[in-house]
Amino acid sequence: MPLLNILRYPDPRLHKVAKPVTVFDARLKQLVRDMAETMYEAPGVGLAASQVDVHEQLLVIDTSDAQDQLQVFINPEIIWASAEKKVYDEGCLSVPGVYDDVERPAQVHVRALDVDGKEFTVEADGLLAVCIQHEMDHLKGKIFVEYLSPLKRNRIKAKIIKEEREHQRDKGKLAAR
Ligand code: NI
């Protein structure tokens, strides 16, 4: 199974809005497997299809310590969110090396479909609630750094672009040998 390429902020493709999944076929199952493998390899606790340049409403999440409890959410909807909020130090596979505080509802109830198109609901709190909301933002084309101040966001953008440039230059040096 191939590992998928994870788009990095500020790639404009990360801001595309994902469409609902309508076909529950072998292609979808393969995509879920590839996304799960990519997430575990990274390693991360969640990955949205938007991050691998597939603009469909699909998330894979595993917040278990042993990383052996994969959860798949297709066309997820938040049907209830607590008034109580919580701040969590979030990170993102599309914004490597950057962590910052984001405030979100502490608990959410989510309705989604599984890989066979069957509906289920999850009552989430703690890290799972954070992760579901963070990944669902990706489907709307929103990255967690957009919750931060413009000053912080611009600093992050500049840092990533600089790293990317250095990485490209190193690759060029290797190729020239
Ligand atoms: Ni993310």
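Scoring rules and cut-offs
- Residues numbered from 1 in each chain as written.
- Predicted model: local features only at pLDDT ≥ 70, side-chain atom pairs only at ≥ 80, totals over all residues.
- Heavy atoms only, no water.
- Core = buried A, V, L, I, M, F, W, Y, C linked by side-chain atoms within 4.5 Å.
- Buried < 20%, exposed > 50% of the residue type's maximum accessible area, 1.4 Å probe, protein only.
- Helix = DSSP H or I, 4+ residues; strand = E, 2+ residues; numbered from the N terminus.
- Contact = heavy atoms within 4.5 Å.
- Donors = N, O, S within 2.8 Å, 3.2 Å for Na, K, Ca; no water.
- Pairing = 2+ DSSP bridges.
- Axes fitted to C-alpha atoms, helices over the stretch in contact; angles between N-to-C directions.

Asks: Summarise the nonpolar core; cite the residues concerned and give the values.
Replies: Formed by 17 residues in total, the largest nonpolar core has its most connected members in Met35, Leu47, Leu58, Val60 and Ile74. Per-element accounting of this core gives the leading share, five residues, to helix α1 (residues 26-41). When sequence neighbours within four positions are dropped, the list of residues in contact with Ile74 reads Val21, Phe24, Leu28, Gln57, Leu58, Ala112, Leu113, Asp114 and Val115. Formed by 16 residues, the second largest nonpolar core is a distinct cluster that contains Leu59, Ile61, Val110 and Cys131.

Asks: Which residues make up the coordination of the nickel ion, and what are the values?
Replies: Listed as protein donors to the nickel ion are Cys92 (SG), His134 (NE2) and His138 (NE2); their distances from the metal cover 2.1 to 2.2 Å. Site description for the nickel ion: donor spacing in sequence, C-x41-H-x3-H. Of the two residues, Cys92 is situated in the loop between β4 (85-90) and β5 (100-105) and His138 in helix α2 (residues 126-139); the sequence distance between them amounts to 46 residues. Overall, Cys92 belongs to the buried group, its relative accessible area being 10%. Look at His138 and you get buried, because its relative accessible area is 0%.

Asks: Mind laying out unusual backbone geometry, listing which residues take part and the relevant values?
Replies: With an omega of 5°, the peptide bond between Tyr9 and Pro10 qualifies as cis. Of the consecutive residues Ala42 and Pro43, the connecting peptide bond is found in the cis state with omega at -10°. Along the chain, the position of Pro43 falls in the loop between α1 and β1 (46-48). Of note in the backbone geometry, Asp53 takes a positive phi value of approximately 65° without being a glycine. With respect to the secondary-structure elements, Asp53 resides in the loop between β1 and β2 (58-61). At Asn75, a position not held by glycine, the phi torsion is positive, near 50°.

Asks: Provide a residue-level description of the sheet that holds strand β6 (residues 107-113), including the pertinent values.
Replies: If you trace the five strands from one edge of the open sheet to the other, you get β1-β2-β3-β6-β7, paired in antiparallel fashion. Unpaired on one side and paired on the other, β1 and β7 (119-125) mark the two borders of the sheet. In this sheet, adjacent strand axes meet at a mean angle of 40° when their direction is disregarded. Against the sheet, α1 touches β1, β2 and β3 (71-81), its axis set at about 40° to β2. Sheet strands touched by α2: β1, β2, β3, β6 and β7. Its angle to β2, the strand with the most contacts, is close to 150°.

That's the geometry; what it means functionally is another story.
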